[in-house]
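Now for the letters of each chain:
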Amino acid sequence: MASKTDRVMSLRAVRQLRRIRAFYAAGLLLWAASTAWTGLEAPGSRQMWVSTLLLIVFTGLLLTASLWLRRLEAAAPARPAHHAASRKTAAPRHAHA
């Protein structure tokens, strides 16, 4: 059984990987558009090859982040732990004068 700190670290890692995956997807779209534009304007130029290289890099980063996220989600429990306050502390307090 995993400890509470392991579960919290796992949930934090999943959240961070989701954010970074969105960043890498945006980078992938940007470099795909840049590569297509540069390929039409100046095919075979140095700028086109740099755009292509960065497109490949962001594709690899996106795939790596997606694989790590899938692996972490498979290892994590189906539902996260419920961290609500207990009924004793959640009960409304009345001021008695």
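Let us look at the structure shown here. (Residues numbered from 1 in each chain as written. Predicted model: local features only at pLDDT ≥ 70, side-chain atom pairs only at ≥ 80, totals over all residues. Heavy atoms only, no water.)

**Regarding the overall build of the protein chain**
Within the protein chain one finds 3 helices and 0 strands. The order of helices and strands in the protein chain, counted from the N terminus, is α-α-α. Scored against the burial criterion, the 97 residues of the protein chain give a buried share of 16%. Pairs at least 24 residues apart make up 69% of the contacts formed inside the protein chain by residues separated by at least 6 positions. Surface accessibility of the protein chain: about 8,200 Å² in total, with carbon and sulfur atoms responsible for 65%. (Helix = DSSP H or I, 4+ residues; strand = E, 2+ residues; numbered from the N terminus. Buried < 20%, exposed > 50% of the residue type's maximum accessible area, 1.4 Å probe, protein only. Contact = heavy atoms within 4.5 Å. Areas by Shrake-Rupley, 256 points an atom, 1.4 Å probe, with all protein chains shown as cover.)

**Description of the nonpolar core**
Residues Val14, Leu17, Tyr24, Leu28, Phe58, Leu62, Ala65 and Leu69 constitute the largest nonpolar core, which totals 8 residues. Mapped onto this core, the elements with two or more residues apiece are helix 1 (4–41) and helix 2 (46–75). Excluding residues that lie within four positions of it along the chain, Leu17 makes contacts with Ala65, Trp68, Leu69 and Leu72. (Core = buried A, V, L, I, M, F, W, Y, C linked by side-chain atoms within 4.5 Å.)

**What about the pattern of salt bridges?**
Under the criterion given, the structure shown has 1 salt bridge. Note that Arg18 is salt-bridged to Glu73, the shortest N-O span being 2.6 Å. One end of the pair, Arg18, is in helix 1; the other, Glu73, is in helix 2, and 55 residues separate them in sequence. (Salt bridge = Lys/Arg side-chain N within 4 Å of Asp/Glu carboxyl O.)

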